[in-house]
Amino acid sequence: METSLRLRDGGGLRIHAKEKLPLGYNSLLQAHGEIDATTAGAAAPSYLALFVRQFYPKLSANVGVGVQLHNGDDLTYSLRAKKAIPFTSNGLLGLNLKGRLFTDKELNPRKRTGAVELAWTVLDFRKGQDVRLKLGYELYDKVPYLQLRENNWTLNAYIDGKWDVRFDM
């Protein structure tokens, strides 16, 4: 199980867990759960999600469908896709295209997200230290962003002043 601590600007500290279970050739079931650590006492999960993801290695792409429950709201369905376009033969520099559609229980669209990212990975930046830099643009919200990842730490910063930090345990 993958576990992380996540701190968001104005959102408090959250404990996030993710489990991936193989379903078959290039497909998996992915479960997520999150608890708001700033809530006093026994906290109920603030986020629960279950996705089925299919990977297409020859296309450098994947798609996923799933359900999620966020802060006790109504159940939401999600469809997501990602396509990587490598610029180098080792894949350490490239472009990512990402899209996501959220619908309500009647499958009416509620929210769309999409992004274009330039991703650069530097292996062994220093001994035992890998670094990844992403410069992205959120298409629907029209917000540029930056992601800097160093081994277990990730910092996301958005041009509108929002930010979040994640530590993968």
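Residues numbered from 1 in each chain as written. Predicted model: local features only at pLDDT ≥ 70, side-chain atom pairs only at ≥ 80, totals over all residues. Heavy atoms only, no water.

Colleague: Can you tell me about unusual backbone geometry, naming the residues and giving the values?
Modeller: In this structure, Lys142 takes a positive phi of about 55° despite not being glycine. Among the structural elements, Lys142 can be located in the loop between β9 (129–138) and β10 (143–150). Positive phi, close to 45°, is recorded for Asn151, a residue that is not glycine. Note on placement: Asn151 falls in the loop between β10 and β11 (153–158). Residue Asn151 is classed as partly exposed on the basis of its relative accessible area, which comes to 30%. (Helix = DSSP H or I, 4+ residues; strand = E, 2+ residues; numbered from the N terminus. Buried < 20%, exposed > 50% of the residue type's maximum accessible area, 1.4 Å probe, protein only.)

Colleague: Any chance you could break down the sheet that holds strand β3 (residues 27–36) for me, citing the residues and the numbers?
Modeller: With respect to topology, twelve strands assemble into a closed barrel ordered β1-β2-β3-β4-β5-β6-β7-β8-β9-β10-β11-β12, the strand pairing being antiparallel. Sheet twist, expressed as the mean angle between neighbouring strand axes with direction ignored, is 20°. In terms of strand pairing, strand β4 (residues 45–56) meets strand β5 (residues 61–70) through ten bridges, oriented antiparallel. Within β5, the position partnered with Tyr56 by the bridge is Ala61. (Pairing = 2+ DSSP bridges. Axes fitted to C-alpha atoms, helices over the stretch in contact; angles between N-to-C directions.)

Colleague: Hey, could you go over the side chain of Gln30 for me, with residue numbers and the actual values?
Modeller: Secondary-structure assignment places Gln30 in strand β3. Judged by its relative accessible area of 2%, Gln30 falls in the buried class. Of note is the side chain of Gln30, whose polar atom sits 2.9 Å from the side chain of Arg53. Discounting residues that sit within four places of it in the chain, Gln30 has contacts with Lys18, Glu19, Lys20, Ala49, Leu50, Phe51, Arg53 and Arg80. (Polar contact = N/O pair within 3.5 Å; in protein donor to acceptor, adjacent residues only side chain to side chain. Contact = heavy atoms within 4.5 Å.)

Colleague: Account for the environment of Gly128, naming residues and giving values.
Modeller: Mapped onto the fold, Gly128 is located in the loop between β8 (109–126) and β9. A relative accessible area of 55% means that Gly128 is categorised as exposed. Spatially, the C-alpha atoms of Gly128 and Ser60 are 27 Å apart, while their sequence positions differ by 68 residues.

Colleague: Explain the pairing of β9 residue by residue, including any values.
Modeller: Relative to β9, β8 is paired through nine bridges, and the arrangement is antiparallel. When the bridges of β9 are listed, Ala115 appears paired with Glu138. Adjacent in sequence and paired antiparallel, β8 and β9 are bridged by two residues, among which Gly128 carries a positive phi angle near 75°. Both β9 and β10 contribute to a ladder of eight bridges, which runs antiparallel. Paired with Lys134 across the bridge in β10 is Gln147. Count of turn residues in the β9/β10 antiparallel hairpin: four residues, of which Lys142 carries a positive phi of about 55°.

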